[in-house]
Amino acid sequence: MAKSTAAKSTTEKRTTTKTKAASTTATRAKSAGAKKSTRAKPQLSDDQIRQRAYEVYLRNGMHPGNDLDNWLEAERELLATAP
């Protein structure tokens with residue numbers, strides 16, 4: 001019987017340690033996400049991004065199938081040049 005109780009005690013300790021570790025990780029993630037940027041991101045309209053994405057498409061040789069890549073690159077460019 002003593003062996004069974006010791007095994008339960010060890011299992012409980014492991015479970016408690018895992019729970020504490022998960023709780024600590026979750027708390028760190030929340031505090032990291034809680035930090036707000038003091039700089040406001042400019043609002044870009046779909047038309048602005050669409051126009052720049054078309055320019056990116058032309059600049060990159062008009063290869064079909066890169067719509068999303070062109071769109072994301074256009075967003076990055078516009079955000080980088082925004083005041």
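This section reports on the structure supplied with the text.

The rules behind these values
Residues numbered from 1 in each chain as written. Predicted model: local features only at pLDDT ≥ 70, side-chain atom pairs only at ≥ 80, totals over all residues. Heavy atoms only, no water. Salt bridge = Lys/Arg side-chain N within 4 Å of Asp/Glu carboxyl O. Helix = DSSP H or I, 4+ residues; strand = E, 2+ residues; numbered from the N terminus. Buried < 20%, exposed > 50% of the residue type's maximum accessible area, 1.4 Å probe, protein only. Axes fitted to C-alpha atoms, helices over the stretch in contact; angles between N-to-C directions. Parallel < 35°, antiparallel > 145°, perpendicular 65-115°, else oblique. Left-handed = near helix turned anticlockwise from the far one by under 90°. Contact = heavy atoms within 4.5 Å. Expected span 1.5 Å × (residues − 1). Arc of directions from axis to C-beta.

## Examining the pattern of salt bridges
So, point 1. Going through the model one piece at a time under the given rule, you end up with 5 salt bridges.
So, point 2. In this structure, Arg-52 engages Glu-55 in a salt bridge whose closest nitrogen and oxygen atoms are separated by 3.3 Å. Residue Arg-52 and its partner Glu-55 are located together in helix α2 (residues 46–59), separated by 3 residues, close to a single helical turn.
So, point 3. Given a relative accessible area of 22%, Arg-52 falls into the partly exposed group.
So, point 4. Here Arg-52 makes a salt bridge to Glu-77, at a shortest N to O gap of 3.1 Å.

## So, the packing of α2 against helix α3 (residues 67–81)
So, point 1. Running from N to C, α2 and α3 cross one another at 115 degrees; their axes reach a closest spacing of 8 Å. Relative to α3, α2 is oriented roughly perpendicular. The element α2 and its partner α3 pack so that their crossing is right-handed. Only Asn-70, Trp-71, Glu-73, Ala-74, Glu-75, Glu-77 and Leu-78 of α3 make contact with α2, whose side of the interface consists of Asp-46, Gln-48, Ile-49, Arg-50, Arg-52, Ala-53, Val-56, Tyr-57 and Arg-59.

## Points about α2
So, point 1. Relative to the 20 Å expected for 14 residues at 1.5 Å per residue, α2 spans 20 Å between its end C-alpha atoms, a close match to the ideal helical length.
So, point 2. Within α2, the full set of buried residues consists of Ile-49, Ala-53 and Val-56. In an axial view of α2, the angular spread of the buried residues amounts to 60 degrees, which keeps them on one side of the axis.
So, point 3. Residues of α2 that are buried sit in contact with α3.
So, point 4. Downstream of α2 by one or two residues, Gly-61 has phi in the positive range, about 95 degrees.

## Considerations on the side chain of Glu-77
So, point 1. For Glu-77, the position within the fold is in helix α3.
So, point 2. Look past the residues within four positions of Glu-77 in its chain and what remains in contact with it is Arg-52, Val-56 and Arg-59.

## Focus on unusual backbone geometry
So, point 1. Even without a glycine there, the phi angle at Met-62 is positive, about 55 degrees.
So, point 2. Its place among the elements puts Met-62 in the loop between α2 and α3.

## As for α3
So, point 1. End to end, α3 covers 21 Å across 15 residues, agreeing with the expected 21 Å (1.5 Å per residue, within 8%).
So, point 2. The set of residues buried in α3 consists of Asn-70, Ala-74, Glu-77 and Leu-78. Looking down the long axis of α3, one finds its buried residues gathered within 95 degrees of arc, a one-sided arrangement. The exposed set on the far side of α3, more than 90 degrees from its buried face, consists of Leu-68, Arg-76 and Ala-80.
So, point 3. The secondary structure elements touched by the buried residues of α3 are α2.

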